[in-house]
Amino acid sequence: MKKKEQLFSEKANNNYLCCFNNRCSRHAECLHWEVGQYVDTKTGVLTCISPRYLGAVNGSCDFFCDNKPITMPVGMLHFYDEMPAKTCRDIKNDLIDHTSRATYYKFHRGDRPITPDMLTLIESVCRRNGWKRPLNFDGETKDYLW
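All of these numbers come straight from a predicted model, not from anything done at the bench.

The rules behind these values
Residues numbered from 1 in each chain as written. Predicted model: local features only at pLDDT ≥ 70, side-chain atom pairs only at ≥ 80, totals over all residues. Heavy atoms only, no water. Helix = DSSP H or I, 4+ residues; strand = E, 2+ residues; numbered from the N terminus. Buried < 20%, exposed > 50% of the residue type's maximum accessible area, 1.4 Å probe, protein only. 1 Å grid on protein atoms, 1.4 Å probe; cavity = no way out; pocket = protein on both sides within 12 Å on 5 of 7 lines; lining within 4 Å. Points joined across faces, edges and corners; volume = space filled by probe spheres on them. Nonpolar A, V, L, I, M, F, W, Y, C, P; charged D, E, K, R; others polar. Core = buried A, V, L, I, M, F, W, Y, C linked by side-chain atoms within 4.5 Å. Contact = heavy atoms within 4.5 Å. Salt bridge = Lys/Arg side-chain N within 4 Å of Asp/Glu carboxyl O. Expected span 1.5 Å × (residues − 1). Polar contact = N/O pair within 3.5 Å; in protein donor to acceptor, adjacent residues only side chain to side chain. pLDDT = per-residue confidence, 0-100.

**Quick word on unusual backbone geometry**
- Look at Asn 15: it is not a glycine, yet its phi comes out positive at around 65°.
- Looking at where Asn 15 falls in the secondary structure, it is placed in the loop between helix H1 (4-12) and strand S1 (18-19).
- On the accessibility criterion, Asn 15 (71% relative accessible area) is exposed.

Following this line, the structure appears as structure tokens:
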């Protein structure tokens, strides 16, 4: 993972949703607020959560995003190694149907970490197709849920 300052600066200046509501009770632990602190001073216009948004006043902001990185599986190159061919084919086709071919292969090659929501989908597809054994990913990475 890149250095936090470089990563947040890139996000802040590339259309990431930033927040500037210092009155929100959860701003110190929100990724949108923290990235907002890295917006370039030369930037005049950007997409942001309104500082006047009332949903953030009581700490229940709909846009809240935890600023702590999480550990996520990455890569599926050896995912199917122990599965029967029919099970492999059914799981792969089911996953492509639920995402898209391009998205599936980004996860498969390890270009994108497997988010908790995607992991839940992969697990349910595998179980629905009869695979009960542990899932075999290539590795794991620590990253933010942007």
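The structure having been displayed, the exposition proceeds.
**Describing empty space enclosed by the protein**
- Evaluation of the coordinates by the stated rule reveals 1 cavity of 30 Å³ or more.
- Forming the boundary of the largest cavity are Cys 19, Asn 21, Cys 24, His 27, Cys 30, Trp 33, Ile 49, Ala 56, Cys 61 and Phe 64.
- Taken together, the residues that form the lining of the largest cavity break down as 8 nonpolar, 2 polar and no charged.

**A few points about the nonpolar core**
- Grouped together as the largest cluster of nonpolar side chains are 18 residues, with contacts concentrated most on Met 76, Phe 79, Tyr 80, Ile 91 and Ile 122.
- Listed by contribution, the elements that provide at least two residues to this core are helix H3 (85-98), helix H4 (101-109) and helix H5 (116-128).
- Beyond its immediate stretch of four places on either side in the chain, Phe 79 contacts Ile 91, Ile 122, Cys 126, Leu 135, Asn 136 and Phe 137.
- By size, the runner-up hydrophobic cluster in this structure holds 10 residues, among which are Leu 7, Leu 31, Val 39 and Tyr 144.

**Some thoughts on the pattern of salt bridges**
- Counted under the stated rule, the structure contains 7 salt bridges.
- Between Arg 26 and Glu 29 there is a salt bridge, with its nearest N and O atoms 3.2 Å apart.
- Residue Arg 26 is classed as partly exposed on the basis of its relative accessible area of 30%.
- Asp 66 is the salt-bridge partner of Lys 68, the closest N and O atoms lying 3.8 Å from each other.
- The class for Asp 66 is partly exposed, based on a relative accessible area of 38%.

**Some thoughts on H3**
- For H3, built from 14 residues, the straight-helix expectation of 20 Å at 1.5 Å per residue is met to within 8% by its first-to-last C-alpha distance of 20 Å.
- On its buried face, H3 sits against H4 and H5.

**Notes on the side chain of Asn 21**
- Looking at the element boundaries, Asn 21 is found in the loop between S1 and helix H2 (31-36).
- A relative accessible area of 2% means that Asn 21 is categorised as buried.
- Within the structure, the side chain of Asn 21 is placed 3.3 Å from the backbone nitrogen of Cys 24, a separation counted as a polar contact.
- Of the polar contacts made by the side chain of Asn 21, one reaches the backbone oxygen of Pro 51; its length is 3.4 Å.

**Considering the confidence of the model for the protein chain**
- In this model, the protein chain carries an average pLDDT of 92, and 99% of its residues clear a pLDDT of 70 or more.
- No element of the protein chain has a lower mean pLDDT than strand S2 (residues 48-49), which averages 89, and none a higher one than H5, which averages 98.

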